[in-house]
Amino acid sequence: SVIKHRMDLGTLRSMLENGEMNMSVAEFSRNMNLIFSNAMTYNSKGSQIYNMAQALKAAFKKVTKKKEKKKNREKDERKVNRKRKDNIRIVKQIY
């Protein structure tokens, strides 16, 4: 199988350590998923590396979903707190 876009953990680590790539969380996630996809493309289904890549991809997805849910929950809490403060300010102005 041919890998069209090369990426591996060593390359990603070097890029991050050397400051060569100041990437967003979304870019980092795309690179991680590319690494897993490449490993699964290059190695035979059922091989140890294929299975490890598949397991890591699932674990990474689970972690990123948890982080995204937490981020959204915190964003919603900030929005509610902002509205609450606005309402308190309005009430104080009335009285």
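Rules of the game
- Residues numbered from 1 in each chain as written.
- Predicted model: local features only at pLDDT ≥ 70, side-chain atom pairs only at ≥ 80, totals over all residues.
- Heavy atoms only, no water.
- Salt bridge = Lys/Arg side-chain N within 4 Å of Asp/Glu carboxyl O.
- Helix = DSSP H or I, 4+ residues; strand = E, 2+ residues; numbered from the N terminus.
- Buried < 20%, exposed > 50% of the residue type's maximum accessible area, 1.4 Å probe, protein only.
- Phe/Tyr/Trp six-rings, centres within 6.5 Å; stacked < 30°, edge-to-face > 60°.
- Axes fitted to C-alpha atoms, helices over the stretch in contact; angles between N-to-C directions.
- Parallel < 35°, antiparallel > 145°, perpendicular 65-115°, else oblique.
- Contact = heavy atoms within 4.5 Å.
- Nonpolar A, V, L, I, M, F, W, Y, C, P; charged D, E, K, R; others polar.
- Patch = residues over 30% accessible without salt bridge, like charges linked within 9 Å, V, L, I, M, F, W, Y side chains within 5 Å.
- Areas by Shrake-Rupley, 256 points an atom, 1.4 Å probe, with all protein chains shown as cover.
- Lys, Arg positive; Asp, Glu negative; His and termini not counted.
- Charge placed at Lys NZ, Arg CZ, Asp CG, Glu CD.
- Expected span 1.5 Å × (residues − 1).
- Core = buried A, V, L, I, M, F, W, Y, C linked by side-chain atoms within 4.5 Å.

Colleague: Got a minute to help me understand the pattern of salt bridges in this structure?
Modeller: It is possible for side chains bearing opposite charge to pair when their charged atoms get close. Across all of its chains, the model carries one salt bridge by this definition. Between Glu17 and Arg13 there is a salt bridge, with the nearest N and O atoms lying 2.9 Å from each other. Here the residue Glu17 and the residue Arg13 both occupy positions in helix α1 (residues 9-17), the gap between them amounting to four residues, near one helical turn. Classification of Glu17 as exposed rests on a relative accessible area of 57%.

Colleague: Hey, could you run me through the packing of aromatic side chains in this one?
Modeller: Summed over all chains, the structure comprises two aromatic pairs. One aromatic cluster is present, formed by Phe28, Phe36 and Phe60 through successive ring pairs.

Colleague: It is not clear to me how the packing of α1 against helix α2 (residues 25-42) should be interpreted in this structure. Could you clarify?
Modeller: Two quantities define a packed helix pair, namely the angle between the helix axes and the distance between the axes. Two elements in contact, α1 and α2, have axes whose closest approach is 10 Å; the angle formed by their N-to-C orientations is 155°. Overall, the two elements α1 and α2 adopt an arrangement that is roughly antiparallel. Along the contact surface, α1 presents Leu9, Leu12 and Leu16, while α2 presents Phe28, Asn31, Met32 and Ile35. When the residues that make up the contact of α1 with α2 are grouped by side-chain class, the tally is six nonpolar, one polar and no charged.

Colleague: I keep staring at a positive patch on the surface and nothing clicks. Help me out?
Modeller: Taken together, Lys61, Lys65, Lys67, Lys69, Lys70 and Arg73 make up a surface patch of like positive charges. Tracing the backbone shows Lys61 in helix α3 (residues 48-94). Owing to a relative accessible area of 52%, Lys61 belongs among the exposed residues under this scheme.

Colleague: Please explain α3 as it appears in this structure.
Modeller: Along an α-helix, a turn takes 3.6 residues, which lines up residues three or four apart on a common side. Here α3 spans 69 Å end to end across 47 residues, near enough to the 69 Å set by a 1.5 Å rise per residue. Those residues of α3 lying buried are Tyr50, Ala53 and Phe60.

Colleague: Quick question: what am I supposed to make of the nonpolar core here?
Modeller: Nonpolar side chains tend to gather and get buried jointly when the protein is soluble and globular. Core analysis: the largest hydrophobic core is formed by eight residues, namely Met7, Leu12, Met15, Met23, Met32, Ile35, Phe36 and Phe60. Every element with two or more residues in this core is listed here: α1 and α2. Top contributing element to this core by residue count: α2, with three residues. The residues contacting Met7, other than those within four sequence positions of it, are Leu12, Met15, Asn31, Leu34, Ile35 and Asn38.

Colleague: Is there a simple way to explain the environment of Lys45 in this structure?
Modeller: Turning to its location among the elements, Lys45 is positioned in the loop between α2 and α3. In this structure, the C-alpha to C-alpha distance between Lys45 and Lys70, residues 25 residues apart in sequence, is 34 Å.

Colleague: Help me out: how do you make sense of the side chain of Asn38 in this one?
Modeller: Topologically, Asn38 is positioned in helix α2. Under the relative-accessibility criterion, Asn38 is labelled buried at 11%. In this structure Asn38 touches Ile3, His5, Arg6 and Met7, once residues within four positions along its chain are discounted.

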